[in-house]
Amino acid sequence: MVEEDPREAHLSAEQAPPGPPSRLPPSDVDAGRSSHHPPPTPEGTPAAVGLIWGVRRRQELRSATRGRRVRRGPLSVRFAADPAGSVTPARVAYAIPRRVGSAPVRNRLRRRLREVIREVAREDPGAVPPGVSLVQVREGAERLPFADLRSEVRDLLRRVVTGGDPGPGQD
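Just so we're clear, the structure is a prediction, and the values are computed from it rather than from any experiment. (Residues numbered from 1 in each chain as written. Predicted model: local features only at pLDDT ≥ 70, side-chain atom pairs only at ≥ 80, totals over all residues. Heavy atoms only, no water.)

### Section: the side chain of arginine 106
Okay, so step 1: With respect to the element layout, arginine 106 can be found in helix H2 (residues 103-123).
Okay, so step 2: Buried charged residue arginine 106 carries no salt bridge. Nearest counter-charge: glutamate 142, at 10 Å.
Okay, so step 3: When residues no more than four places from it in sequence are discounted, the contact partners of arginine 106 are Ile96, Pro97, Arg98 and Gly101. (Helix = DSSP H or I, 4+ residues; strand = E, 2+ residues; numbered from the N terminus. Buried < 20%, exposed > 50% of the residue type's maximum accessible area, 1.4 Å probe, protein only. Lys, Arg positive; Asp, Glu negative; His and termini not counted. Salt bridge = Lys/Arg side-chain N within 4 Å of Asp/Glu carboxyl O. Contact = heavy atoms within 4.5 Å.)

### As for the environment of leucine 144
Okay, so step 1: Along the chain, leucine 144 falls in the loop between strand S5 (131-137) and helix H3 (146-162).
Okay, so step 2: Between the alpha carbons of leucine 144 and leucine 109 there is a distance of 9.7 Å; along the sequence they are 35 residues apart.

### Here's the deal with the pattern of salt bridges
Okay, so step 1: If you walk through the whole model with that rule in mind, you get 9 salt bridges.
Okay, so step 2: Linking glutamate 119 and arginine 150 is a salt bridge whose minimum nitrogen-to-oxygen distance equals 2.6 Å. Of this pair, glutamate 119 sits in helix H2 while arginine 150 sits in helix H3, and the two are 31 residues apart along the sequence.
Okay, so step 3: Exposure remark for glutamate 119: the relative accessible area of 17% places this residue in the buried category.
Okay, so step 4: Arginine 150 gets classed as partly exposed once you look at its relative accessible area, which sits at 22%.
Okay, so step 5: Across the salt bridge formed by aspartate 155 and arginine 159, the nearest N and O atoms sit 3.2 Å from each other.

### Some words on the pairing of S5
Okay, so step 1: Most of S5 sits out of view: 6 of its 7 residues are buried.
Okay, so step 2: Two elements, strand S3 (residues 75-81) and S5, share 7 bridges in a ladder whose sense is antiparallel. Within S5, the position partnered with phenylalanine 79 by the bridge is serine 133.
Okay, so step 3: The pairing of strand S4 (residues 90-95) with S5 spans 5 bridges and is classified as parallel. Bridge pairing in S5 links alanine 95 to glutamine 136. (Pairing = 2+ DSSP bridges.)

### Regarding the nonpolar core
Okay, so step 1: Formed by 26 residues in total, the largest nonpolar core has its most connected members in Leu109, Leu113, Val128 and Val137.
Okay, so step 2: For this core, the elements supplying multiple residues, two or more each, are S3, S4, H2, S5 and H3.
Okay, so step 3: The element that contributes the greatest number of residues to this core is H2, accounting for 6 residues.
Okay, so step 4: In this structure leucine 109 touches Ile96, Val100, Val137, Ala141, Glu142 and Leu149, once residues within four positions along its chain are discounted.
Okay, so step 5: Core analysis: the next-biggest nonpolar cluster, separate from the first, contains 5 residues, Val55, Ala64, Ala93 and Leu134 among them. (Core = buried A, V, L, I, M, F, W, Y, C linked by side-chain atoms within 4.5 Å.)

Listed below in structure tokens is the structure:
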């Protein structure tokens, strides 16, 4: 006689009777569902448009600080053109000192300025010239409405490239 292990349970080998049909039909049976499955979304961030780059090298920043400067209100832009024949896109750097505000205030202002530059470049591709531009900020810029900030930056970029008259009381 074979002894049974007390840890084993007695299970029936019979199958349970079929239950009610499932409420949802399979996807290939449903006439409302397309049989074409879209490809999975790509991973990572989308490729950049490449119109404007950041300044990466110290030499580029130095050339901008020695370039032509125009100023209006709490903003100024310095610009150094690329050598003739260069295919490098526009590069923009931002100088926002601590006296403008706390780190969150300066970061918000930097994000707003980046968006202003993007919008200006989108509206007029030639508005942000190839070369190195340095946008310098003084106190008061953080309080400017976005529309005023955009018009100021657009005007400064136009003047720094064309060498336009800076106007009375400005650099």
